[in-house]
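Residue-level structural notes
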Amino acid sequence: IDITVPDGFSVEMFADDISLPTSLEFPPDGSERLFVNELQTGKIWIYENGEKLSEPFADLALNIEGGFPVQGENGLLGLEFDPSYSENGFVYVTYAARVNGTEVASVVRFTDVNNRAEDFTILLTGLPSAKGHQIDNLRFGPDDMLYVSVGDAYQEEKVQNLEEFHGKILRMTPT
């Protein structure tokens, strides 16, 4: 692939053993591990010292009733570490899945215990979703609040309606 980058930059292949990566983050603990979401498998992988660990950190398909989505833009989307991750091990993710025939996006939290996700906790569910047009990314702000973006889920007419979550940014107090 021929790509162009500005002077002073170079590009090299880091990994080619991942399927549809959507988010990647380094935890703020100095470990230099890289966590990577796979969109449609629901797996979060850790790369340590440039190598993918043999077992995934998490497999959301084990936590989602009815399995994990396998089409469109549904799947594992956002990934973020708690500002106090070094003390509490909290890892937050967003995903869009089909629940009882309806597309639904959710925000969940895991606890990182020795490179394995434990304590799957749903923090927010029922967010608008569709086979596309959901952003569902998340970041902690300087106020230590968790910000979650929500796409329009192909329902543009709801974006300006303050009674709807479509096309909004939500702010959550993590607990």
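What comes next is a walk through the structure. Values in this document were obtained by computation on a predicted structure and should not be read as measured data. (Residues numbered from 1 in each chain as written. Predicted model: local features only at pLDDT ≥ 70, side-chain atom pairs only at ≥ 80, totals over all residues. Heavy atoms only, no water.)

Below, the discussion takes up the packing of aromatic side chains. Taken as a whole, this structure holds eight aromatic pairs when the rule is applied. Note on F35 and F57: the rings are 5.1 Å apart at their centroids and 75° apart in plane angle, and the pair reads as edge-to-face. With F35 in strand 2 (residues 34-38) and F57 in the loop between strand 4 (51-52) and strand 5 (58-59), the pair connects residues that are 22 residues apart, well separated along the chain. In this pair, the class of F35 matches that of F57, namely buried. (Phe/Tyr/Trp six-rings, centres within 6.5 Å; stacked < 30°, edge-to-face > 60°. Helix = DSSP H or I, 4+ residues; strand = E, 2+ residues; numbered from the N terminus. Buried < 20%, exposed > 50% of the residue type's maximum accessible area, 1.4 Å probe, protein only.)

Moving on, we get to the side chain of R109. Structurally, R109 is set in strand 8 (residues 102-113). Among buried charged residues, R109 stands out as having no salt bridge; its nearest opposite-charge side chain is D82, 6.3 Å away. R109 has contacts with F90, V91, Y92, D119, F120, T121, L123 and T175, leaving out every residue within four places of it along the chain. (Lys, Arg positive; Asp, Glu negative; His and termini not counted. Salt bridge = Lys/Arg side-chain N within 4 Å of Asp/Glu carboxyl O. Contact = heavy atoms within 4.5 Å.)

This paragraph deals with the sheet that holds strand 12 (residues 169-172). Read across the open sheet, the three strands follow the order 10-11-12; overall the sheet is antiparallel. The open sheet is flanked by strand 10 (138-140) and strand 12, the only strands paired with a single partner. When the angles between neighbouring strand axes are averaged without regard to direction, this sheet yields 20°. Here four bridges tie strand 11 (residues 146-149) to strand 12, and the two strands are oriented antiparallel to one another. Looking across to strand 12, one finds that V148 is bridged to L170. (Pairing = 2+ DSSP bridges. Axes fitted to C-alpha atoms, helices over the stretch in contact; angles between N-to-C directions.)

This part takes up a nonpolar patch on the surface. A cluster of nonpolar side chains, namely I3, V5, F9 and V11, defines an oily patch on the protein surface of about 400 Å² accessible area. Relative to the helices and strands, F9 resides in the segment before strand 1 (21-25). Given a relative accessible area of 60%, F9 falls into the exposed group. (Patch = residues over 30% accessible without salt bridge, like charges linked within 9 Å, V, L, I, M, F, W, Y side chains within 5 Å. Areas by Shrake-Rupley, 256 points an atom, 1.4 Å probe, with all protein chains shown as cover.)

What follows concerns the pairing of strand 3 (residues 43-48). Across four bridges, the pairing between strand 2 and strand 3 is antiparallel. Following the sheet pairing, F35 is matched in strand 3 by I46. The antiparallel pairing of strand 2 with strand 3 creates a hairpin that spans four residues between the two strands, and G42 there sits at a positive phi of about 75°. The turn joining strand 3 and strand 4, which pair antiparallel and follow one another in sequence, is formed by two residues; a positive phi near 55° is taken by N49.

What follows concerns the environment of R98. For R98, the position within the fold is in strand 7 (residues 90-99). R98 sits in the partly exposed class, given a relative accessible area of 31%. Spatially, the C-alpha atom of R98 lies 8.4 Å from that of N74, the residues being 24 residues apart in sequence.

With 17 residues, the main nonpolar core has F35, I44, F57, L60, V93, Y95 and F110 as its most contacted residues. At four residues, the largest contribution of residues to this core is made by strand 7. Discounting chain neighbours no more than four positions away, the residues touching V93 are I44, L60, L76, G78, L79, S106, V107, V108, F110 and L138. Grouped together as the second largest cluster of nonpolar side chains are 15 residues, A96, A105, L138 and L146 included. (Core = buried A, V, L, I, M, F, W, Y, C linked by side-chain atoms within 4.5 Å.)

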